[in-house]
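Chain by chain, the residues run as shown.
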Amino acid sequence: MSRPTIAGVARAAGVSVASVSRVLNGLPATEEMVERVRRAVEELGYVPDSRARSLKVGRTFQLTLAVADVGNPVYVTMMRAVEEVVSAAGYRLVVTTTGPDVVDEVALVRGMARGYADGLVISPLRVDDDLIKSIRECEVPVVVAGNVPSSAGVDTVRANSPKGMLLAVDHLLATGRKRIAFVNGPVDTVPGTARAKGFADAMKANGLRAVAEVEAGDFTFAAGREAGVELLSGLDTGVRSSGAEARGGRLDAVIAANDLLAVGIMHELATRRLVVPDDVAVIGMDDSELAEQCFPPLTSVNLGSAERGRRAAELLLARIDDDTRTPRRIVVQPTLSVRRSTP
């Protein structure tokens, strides 16, 4: 049986091929015409030839989302939000991993010139002048889900990590915890830089100094375990039993730069028979699905990963429609999700 064609749809609907094309491409048409074409498409089982459509209009109807690690739950949440927006606009989403090196991020942006996608949302882990230059010169629209200088002249959507850190510190102080340690990821990364500054500012605003600060080698669970070893080996927790007596020691709370690090730290605390939160309270950042799935459930700063993904996708679609628009810089505000890892 031959494959249904656009001409066959036109005959079945009693309209011209041009009219069918207008409806299928989402161009203005009367309600009657849209309904007739829709019925004909369903009756014949017509599937548009995306390759021919791409050649005709000069688009692939495909968009790319590039993140550092597709295994990180926060990026999964962002991906779902981006996909929901772009699929509703008739685009497919391709997700790719850049890894931690800025040179690979630059290579990906420059590779967009091959024409396999109509636009790119990139969440860079590291940013340098080469990356900014490649984004400026990219042959397709680019939106950055992250923080780049305003001089870059590109659409951006970023989290407010400093405010998120203040929420975390204020919460711990409200529960009577003042001996706070901070476990960050690599400080030469975009999130590492923002969260280090946010933590320092939040502690200073409350007249406190950190018990300890540890820089993990990555933003992963394994790196969190290793950072937990370093942190706890260098501190006297003063824990002889759980509860109030335990709080007499030097460490009573840890803030981690993301949920994966926080869960890694919680595992290391458990190996030393320290109870969360009775002995040590723990707060993560990102408020990913992992925060609810671990035990005890993790208090975490919600940095709006879904909202950031949604807004980035909307900016990209708007940029594709009008490349002369003034670049927008959107900041998504954080909230705190309190769970059982803090009292």
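Here is a short report on the structure shown in this document. Everything numeric here is computed off the predicted structure, so don't read it as measured data.

What follows covers the layout of surface pockets. To locate leftover empty space, one rolls a probe as large as a water molecule over the atoms. The volume enclosed by the largest pocket comes to roughly 620 Å³. Residue lining of the largest pocket: 31 residues in total, with Tyr-75, Leu-125, Val-190, Pro-191 and Arg-195 positioned closest to the centre. Among the secondary structure elements, those contributing two or more residues to the lining of the largest pocket are helix H5 (73-88), strand E5 (155-159), helix H8 (161-174) and helix H9 (190-205). Counting residues per element, the lining of the largest pocket draws most heavily on H9, which supplies six residues. When the residues that make up the lining of the largest pocket are grouped by side-chain class, the tally is 15 nonpolar, nine polar and seven charged.

In this structure, Ala-13 sits in helix H1 (residues 6-13). Looking at Ala-13, the relative accessible area reads 6%, which means it is buried. For the pair Ala-13 and Arg-38, spaced 25 residues apart in sequence, the C-alpha separation works out to 8.5 Å. Sequence-distant contacts of Ala-13, that is, excluding residues within four places in its chain, are made with Arg-36, Val-37 and Ala-40.

Take the sheet that holds strand E4 (residues 142-145) next. In space, the six strands of this open sheet follow the order E2-E1-E3-E4-E5-E11, with parallel pairing throughout. Taken across any chain shown, the strands that pair with only one partner, and hence form the sheet edges, are strand E2 (92-97) and strand E11 (329-332). Within this sheet the neighbouring strands show an average axis-to-axis angle of 15 degrees, counted without direction. As paired elements, E4 and E5 share three bridges and run parallel to each other.

Once that is clear, we can look at the nonpolar core. Counting residues in hydrophobic clusters, the biggest one holds 75 residues, and the most contacted among them are Leu-63, Phe-199, Leu-231, Val-254, Ile-255, Leu-269 and Leu-298. In contact with Val-254, not counting residues within four places along its chain, are Ala-181, Val-183, Leu-231, Ile-265, Val-280, Ala-281, Val-282 and Ile-283. Core analysis: the next-biggest nonpolar cluster, separate from the first, contains 19 residues, Leu-108, Met-112, Ile-122 and Val-142 among them.

The rules behind the values
Residues numbered from 1 in each chain as written. Predicted model: local features only at pLDDT ≥ 70, side-chain atom pairs only at ≥ 80, totals over all residues. Heavy atoms only, no water. 1 Å grid on protein atoms, 1.4 Å probe; cavity = no way out; pocket = protein on both sides within 12 Å on 5 of 7 lines; lining within 4 Å. Points joined across faces, edges and corners; volume = space filled by probe spheres on them. Helix = DSSP H or I, 4+ residues; strand = E, 2+ residues; numbered from the N terminus. Nonpolar A, V, L, I, M, F, W, Y, C, P; charged D, E, K, R; others polar. Buried < 20%, exposed > 50% of the residue type's maximum accessible area, 1.4 Å probe, protein only. Contact = heavy atoms within 4.5 Å. Pairing = 2+ DSSP bridges. Axes fitted to C-alpha atoms, helices over the stretch in contact; angles between N-to-C directions. Core = buried A, V, L, I, M, F, W, Y, C linked by side-chain atoms within 4.5 Å.

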